[in-house]
Amino acid sequence: TAGMAIDWMINQFGIMKSAEETEELLNAAKDTGGVVFVPAFQNYHTPRYSRSIKGMIMGLTQATKREHIVRALFEAICFEMLEIVECMCRDTSKMHIGGIDKIMVSGGMTRNRPFL
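The structure reproduced in this document is the subject of the present report. Because the structure is a prediction, the values reported are computed rather than measured.

1. Let's talk about the layout of surface pockets
Here's step 1: Estimates place the volume of the second largest pocket at around 210 Å³.
Here's step 2: Together, Gly 3, Ile 6, Asp 7, Ala 19, Glu 20, Thr 22, Glu 23, Phe 74, Gly 108, Met 109, Arg 111 and Asn 112 line the second largest pocket.
Here's step 3: At the level of elements, helix H1 (2–11) and helix H2 (21–28) are the ones that each hand at least two residues to the lining of the second largest pocket.
Here's step 4: Here the lining of the second largest pocket gets three residues from one element, more than from any other, and that element is H1.
Here's step 5: Residue classes in the lining of the second largest pocket are distributed as four nonpolar, four polar and four charged.

2. Looking at a nonpolar patch on the surface
Here's step 1: Nonpolar side chains collect at one region of the surface, where Val 36, Met 56 and Met 58 lie side by side and expose about 240 Å² of accessible area between them.
Here's step 2: Structurally, Met 56 can be placed in strand S2 (residues 56–58).

Calculation criteria
- Within any chain, residue numbers begin from 1 and follow the written order of that chain's sequence.
- This being a predicted model, a pLDDT of at least 70 is required before a residue's local features are given, and a value of 80 or more before pairs of side-chain atoms are given or counted; all residues contribute to the totals for chains, interfaces and linings.
- Calculation of side-chain values draws on the structure's entire complement of heavy atoms; hydrogens and water are dropped beforehand.
- Here a cavity is any set of points on a 1 Å grid over the protein atoms alone where a 1.4 Å probe fits but cannot get out, and a pocket is any open set with protein on both sides within 12 Å along at least 5 of 7 lines; a residue lines the site when it has an atom within 4 Å of a point.
- Grid points are joined across faces, edges and corners, and a volume is the space filled by probe spheres set on the points.
- Note on conventions: DSSP H or I runs of at least 4 residues are helices, E runs of at least 2 residues are strands, and numbering of each starts at the N terminus.
- Charged residues are taken to be Asp, Glu, Lys and Arg, nonpolar residues to be Ala, Val, Leu, Ile, Met, Phe, Trp, Tyr, Cys and Pro, and polar residues to be all remaining types, Gly included.
- Patch criteria: residues need more than 30% relative accessible area and no salt bridge. Like-charged residues are merged within 9 Å; nonpolar side chains of Val, Leu, Ile, Met, Phe, Trp and Tyr are merged within 5 Å.
- Each accessible area is a Shrake-Rupley result for a 1.4 Å probe, and residues are judged covered by the shown protein chains and nothing else.
- Basic side-chain nitrogens of Lys or Arg form a salt bridge, by our definition, when they fall within 4 Å of a carboxyl oxygen of Asp or Glu.

Keep in mind that these numbers describe shape and distance, not what the molecule does.
As structure tokens, then:
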């Protein structure tokens, strides 16, 4: 889950001290600096299941800052959500995202303005 990835960044990677820091870091990064984050900590689930896909961070250089890594994670989460919404549109005959009237979100990441 997205929350699990944030917890990992805090507890295992030490890139920040709290989830609240993500908003500041997202605002500080105009892009990912070439970093790509695949947050598949427990395989890859929705919308495709795969046991072989594992989490990874790619594109690191000496110029990479922690805000680039956080931004890359949030972009990965957004792309996963887009893929899920596109599948929902196909499966419900709403053939494009514009066919969806409302998307409801929940969880701790809803408090993060740049994410929403």
